[in-house]
Amino acid sequence: MYKILDARSVGLNIKQFVIEAPRIARKHQPGQFIILRIHDKGERIPLTIKSSDPQAGTVTIVVQAIGKTTSLLNCLETGDSILDIVGPLGKPSEIENYGTAVILAGSVGTAMALPTAYALKKAGNHVVFIEGSRNKEMVVFEDEVRSSSSETYVMTDDGSYGEQGLVTKKLDELIAAGRKIDFVLAVGPVPMMRAVARITAPLGIKTMVSLNSIMVDGTGMCGGCRVLMGDKSQFACVDGPEFDASKVNFEVLMQRNAMYREKECASLKQFQERWEEQVAELREELAAKESHHV
Amino acid sequence: MSEKNSLPLKERMKILRIHMPEADPAVRSRNFEEVNQGLPEADALTEASRCIECAKPGCVVDCPVGVKVKEVIALICAGDFLAAAAKLREDNSLPAITGRVCPQENQCEGGCIVGKKGQPVAIGNLERFIADYERLSGKLGLPANAPATCKSVAIVGSGPAGLSAAGDLIQKGHRVRVFEALHELGGVLVYGIPEFRLPKSIVRGEVDNLRRMGVEFETNVVVGKSVTLDELMNEEHYDAVFVATGAGLPVFLGVPGEHFNGVYSANEFLTRVNLMRAYQMEEYDEPVYDCRDRDVIVVGGGNTAMDAVRTSRRLGARSATLVYRRSDAEMPARAEEVKHAREEGIEFRMLTNPVEFIGDEKGWLTGARCVRMELGEPDASGRRRPVEVKGSEFVLPANVAIIGVGTTANPLIQSTTPDLATNKWNYIVADENSMRTSKRGVFAGGDIVTGGATVILAMGAGRKAAASIHEFLTAGEW
Ligand SMILES: Cc1cc2nc3c(=O)[nH]c(=O)nc-3n(C[C@H](O)[C@H](O)[C@H](O)COP(=O)(O)OP(=O)(O)OC[C@H]3O[C@@H](n4cnc5c(N)ncnc54)[C@H](O)[C@@H]3O)c2cc1C
Ligand code: FES
C-alpha cells in the first residue's frame, strides 16, 4: 500500500497526489511513468510522474478525471492509500543540449512535460514552453511551467486566459518569425501531437511525442500498448513512451485507444450513479487491507 | 491397504484406466470452474493398483525431476496418503500444480510400461489426488527451517522457478525475499493458465505456505527499472540473486493488420481475463473485447493457444477456432487440453496459416486471410516443416484474433546488467547444473534460461539453483 501524503485539486477535475513510493522516487527520470491499481477489482492504468523527491521517498502524479478509475482515484484524499503502484516504467527522455527546445503541452500533459522541461533547461537549452488548455480553469502549474522554461506562452481555446488559440498556432508563429528550433517535445491529446508532427516533420525538426496507449502490465509482457511506427510495431511501455513523431502512425493510435470506449462510458456512467457508495466501499477495502498488513 | 494390490500381476493388468471425472462440456464451456473434478479415494486406490511395480520404472526416468513415482504409488496402495505426499515432495515442491498441468503423456506416463500395451497408469491424476488430499487435510507439515545463516537471497520473479527456489532456501536458514513485477504472485500460473485448469486458490495456497515459512514477498518491483541487480547486491546487500523472470515477451506474427482492434497477444488476452478477471466484467473494471456472439480465432498449437481458445469460448464466442500451421500430430499442447477443447466445441483448422489480418474502415478486425499448408521435410526441431500450398488463400471471418505462437525473453534485467551474459536470443546463459551465470553471485533458471518450457522444468531449475546458491553461500567460492 502506498500512502497519499498530500492530495489537492489543481484545476477543474484535475488533482495532484504526493505518494509515498521510495523505490520509484529513487529511480525516476524525466519522461517515465507509473502504473497503478486502486482496488482489488480495479484496472491498471498508466500515469506520468510529475516530480519525485528521492530524499523524502515520494512521487507526485497528476490525474484528470476522465473515466471510472481516474474519477474514483480523484475521490481519494490525503491519508488514503493506493493499493498498487509500479514503476518507474518506460525509457527516460533523451536529454541533450539541442539549442532551442520547444515544449508543447496540453492540459495534464503539462505535468508530464515538466520534468523533461527542467532537465532540458538544466542541460543548457533555451526552453520555450507552450502550455495550452481549453479554458482558464484548466490552466495548471503555470508557475512551474514558467520556472522550467526560458520563454513561456499560455494558450486557451476560448481566450479566457493567456492568448487565444491552440498550441500549434504559437508554434506556427515562432516558425514564421524565423526562430531556429532544434528540438520539439509534444505531450497531450493525440490530435494535438499529430498536428505538431505535421508542422515539424517537413521542416526536419527532431520531434518527440509521449504516447498514451492503453496498457496492462507496463513491462513488455502483453503487447497491448503496441504502436505502429512506420510499418513496425513497438511497445509504448518499454520502447517508449516517447517516440520520434515523424514515424508515429497517429491514426492507429487513436483507433486503438478507442477500443474500449463503449465499455469505459458504461462503467463511468455506472460509477457516477453511485459514486459515494463506491468510494465508501473502496475506503473500507483499503482499511481492511491496512489492518491486515499491521 | 487396497485388496486389489494383492491381485496377481495379470489381473492388475486387466484393470482399465480410471477416467478423471469432468464437468459437463456443455456447462463448463460457459463458466470458469475447474474442468477436472479429481479422483475419489476409491478410484485413486484402484488406479494405483494398476502399477505393476516394474524393476526399471520408466516413469521415474522420464520425469524431468525424477519423482520416485513407483514409491509414491506403493504408498498410495498402502493407504498412507500423507506419506505418499511427503515422498512426492522430496522431488517436487508444487505437486498440486504439476499434477494438473504437466504434459504427463510425454513424461512419466509416456515411460509407463503398462502404457505399452494398454493405457498408462494415470500418474498425473494420482499426483493431483495426493497433493489435494494433503492440502485439504490441513496436515501439510511445513518443514522446520535450519538456524539462521545471516545470508540473504533475492529472487526475481514469482513463477514456479522463483517459488520453488524460495521454499528450499528458506529451509536452509537464509533470508529470502521475492521481487515480483506484477501485483500478484505466481507468474504464468496466475496470469497465464486459466482458472478452469488451475484454480488460483491452489497457487495462493503455495504462496501462503512460503509466507508462513518466512519468505518475504515484494510485489510491484520491476527489477531493471525499480532497482537494478547491482543495486540489490551492492546497496541492499543480498549475498546472491536468483533470476527467474520467465519468457514473458509475446511474439506476434509480423503480418500486416496486426494493429486492428480485436487482435491480441495470448498474453494480453489471458492476462486481462485471468489476472484482471475480465470474465467477471460486472464486478471488475478490466475490459476485454466482448467475445459474445463473435467469431474468435486463435493462432498457435501450444498450451497457451489452447488456453486462449477455450477462454474465448467461455466468454461466449459464437465460434472459437484454433488455427495451426502444422497438423494435429505436431501440436505441442497437452493431450488432455486438446481432448477437452474438442469436447467444448472448439474448431480445429490444422495446416492453416494467417498471412494478413483485415479490418473495416474504423479499424476493427473482420477476418484473417489464410493460406493452407502441407508438411514437407523435417526442420531443425525434427518436426516436418509446413510449406504453403500455392493459390490456397481464403478468408476466415473473425472479430477477435489471438496470437499464441510463443514468447521470448524479457530484456529488462539483461539490458541493465551489462556483465550478465546472454545468448543470441537474449536468454540468460547459466550453467546447466550450478545455474550460475557469468556474474558472481547471480544465478538464473526457468524459462529465462531455457525459453518457454514447462512448469516442472522451471520448478526443477529453481530447486537446482537453490542447492547451488546454498553451496555458494556456505563455501563462499565462485
Ligand atoms: C498460457 C500458458 C499456459 C501454459 N500451460 C502449461 C502447462 O499446461 N503445463 C506446463 O508444464 N507448462 C505450461 N506453460 C509453461 C509454464 O507456465 C512456464 O514454463 C513456467 O511458468 C515458467 O516458469 P518461470 O518461473 O520460469 O517463469 P514465469 O512463470 O514466467 O514467472 C516469471 C515471473 O517473473 C516476473 N518478472 C519478469 N520480469 C521481472 C522483473 N524484471 N522484475 C520482477 N519480476 C519480473 C513475471 O511477472 C512473472 O511473474 C504455460 C505457459 C503459458 C503462458
Ligand atoms: S503494457 Fe503490456 S506490453 Fe506494454
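Residues numbered from 1 in each chain as written. Chains lettered and ligands numbered in written order. Predicted model: local features only at pLDDT ≥ 70, side-chain atom pairs only at ≥ 80, totals over all residues. Heavy atoms only, no water.

*Asks:* Could you clarify how one ought to interpret the overall build of chain A in this entry?
*Replies:* The secondary structure content of chain A amounts to ten helices and 16 strands. For a compact globule of 294 residues, the expected C-alpha radius of gyration is about 19 Å, and chain A comes in at 19 Å, within 12% of that figure. The dimensions of chain A, computed from C-alpha atoms along their principal axes, are 60 × 40 × 35 Å. The buried share of chain A, reckoned over its 294 residues, is 58%. In chain A, the share of contacts with a sequence separation of at least 24, taken over all contacts with a separation of at least 6, comes to 65%. Within chain A, one finds 34 positive and 37 negative side-chain charges whose respective centroids are separated by 4 Å. (Helix = DSSP H or I, 4+ residues; strand = E, 2+ residues; numbered from the N terminus. Rg over C-alpha atoms; globule rule 2.2 N^0.38 Å. Buried < 20%, exposed > 50% of the residue type's maximum accessible area, 1.4 Å probe, protein only. Contact = heavy atoms within 4.5 Å. Lys, Arg positive; Asp, Glu negative; His and termini not counted. Charge placed at Lys NZ, Arg CZ, Asp CG, Glu CD.)

*Asks:* What's the story with the packing of helix H3 (residues 41-48) of chain B against helix H5 (residues 69-77) of chain B in this structure? I'm lost.
*Replies:* Geometry of a packed helix pair, given as the angle between the helix axes and the separation of the axes. Residues and elements named next belong to chain B. Orientation of H3 relative to H5, taken along the N-to-C sense of each, is 130 degrees, at an axis distance of 9 Å. Considering the angle they form, H3 stands oblique to H5. The interaxial crossing formed by H3 with H5 has left-handed handedness. Residue-level contacts link Ala-44, Leu-45 and Ala-48 of H3 to Ile-73, Ile-76 and Cys-77 of H5. Across the contact of H3 with H5, the residue classes break down as six nonpolar, no polar and no charged. (Axes fitted to C-alpha atoms, helices over the stretch in contact; angles between N-to-C directions. Parallel < 35°, antiparallel > 145°, perpendicular 65-115°, else oblique. Left-handed = near helix turned anticlockwise from the far one by under 90°. Nonpolar A, V, L, I, M, F, W, Y, C, P; charged D, E, K, R; others polar.)

*Asks:* So what exactly am I meant to see when it comes to the interface of chain A and chain B here?
*Replies:* Quoted interface sizes are often the accessible area lost when the parts come together. Contacts between chain A and chain B engage 41 residues on the former and 47 residues on the latter. Summing both sides of the interface, chain A and chain B together bury roughly 3700 Å²; the carbon and sulfur share of this comes to 52%. Considering only the surface of chain A that becomes buried against chain B, Arg-23, Lys-41 and Met-221 of chain A emerge as the three largest contributors, covering 20% of it. Counting across the chain A and chain B interface gives three salt bridges. One salt bridge connects Lys-27 of chain A with Glu-231 of chain B, and the closest N-O pair in it is separated by 2.9 Å. For the side of chain A that touches chain B, the element with the highest residue contribution is strand S7 (residues 84-89) of chain A, accounting for six residues. Of the residues contributing to the side of chain A that touches chain B, the split by class is 15 nonpolar, eleven polar and 15 charged. (Buried area = accessible area lost by both parts, 1.4 Å probe. Salt bridge = Lys/Arg side-chain N within 4 Å of Asp/Glu carboxyl O.)

*Asks:* Explain the site of ligand 1 to me, please; I cannot follow it from the model alone.
*Replies:* All names here are of chain B. Around ligand 1 lies a shell of 34 residues, among which Val-101, Glu-180, Arg-197, Val-223 and Asp-447 are the nearest. Within the backbone of Val-101, an N or O atom sits 2.5 Å from a nitrogen atom of ligand 1. Contact distances for ligand 1 include 3.3 Å between an oxygen atom and a backbone N or O atom of Pro-160. Listing elements by their share of the shell around ligand 1, those giving two or more residues are helix H11 (160-171), helix H16 (303-314) and helix H20 (455-475). If one sorts the elements of the shell around ligand 1 by residue count, H16 sits on top with three residues. Residue classes in the shell around ligand 1 are distributed as 18 nonpolar, eleven polar and five charged. (Near = heavy atom within 4 Å. Polar contact = N/O pair within 3.5 Å; in protein donor to acceptor, adjacent residues only side chain to side chain.)

*Asks:* Just to check I follow, could you spell out the packing of aromatic side chains for this structure?
*Replies:* Where two aromatic rings form a pair, the distance of their centres and the angle of their planes describe that pair. Using the criterion set out here, one finds eleven aromatic pairs over all chains in the structure. The interplanar angle of 80 degrees and the centroid separation of 6.3 Å between the aromatic rings of Phe-235 of chain A and Phe-252 of chain B together place this pair among those described as edge-to-face. In this pair, Phe-235 of chain A sits in strand S15 (residues 232-235) while Phe-252 of chain B sits in the loop between strand S5 (249-250) and strand S6 (263-265), so the two residues belong to two different chains. Grouping residues by exposure puts Phe-235 of chain A and Phe-252 of chain B together as buried. Ring geometry for Phe-81 of chain B and Phe-129 of chain B: centres 5.1 Å apart, planes at 85 degrees, overall edge-to-face. Of the two residues, Phe-81 of chain B is situated in helix H6 (residues 81-91) and Phe-129 of chain B in helix H10 (residues 123-137); the sequence distance between them amounts to 48 residues. Three or more aromatic residues joined by ring pairs make a cluster, and in this case those are Phe-81, Phe-129 and Tyr-133 of chain B. The ring of Phe-348 of chain B has Arg-342 of chain B lying over it, and the distance from NZ or CZ to the ring centre is 4.1 Å. The ring of Phe-394 of chain B carries Arg-372 of chain B above its face, with NZ or CZ at 4.4 Å from the centroid. (Phe/Tyr/Trp six-rings, centres within 6.5 Å; stacked < 30°, edge-to-face > 60°. Lys NZ or Arg CZ within 6 Å of the ring centre and 35° of its normal.)

*Asks:* How do you make sense of the sheet that holds strand S3 (residues 216-218) of chain B when you look at a structure like this?
*Replies:* Paired through backbone hydrogen bonds, the strands of a sheet run either parallel or antiparallel to each other. Residues and elements named next belong to chain B. Read across the open sheet, the five strands follow the order S3-S2-S1-S4-S16; overall the sheet is parallel. Edge positions in the open sheet fall to S3 and strand S16 (442-444), since each of these has one partner strand only. Recorded for the sheet is a direction-independent mean angle of 20 degrees between the axes of neighbouring strands. Examined bridge by bridge, strand S1 (residues 152-156) and strand S4 (residues 240-243) share four bridges and lie parallel to one another. Bridge pairing in S4 links Ile-155 to Phe-242. Contacts from H11 reach S1, strand S2 (175-179), S3 and S4, with the element oriented near 170 degrees to S1. (Pairing = 2+ DSSP bridges.)

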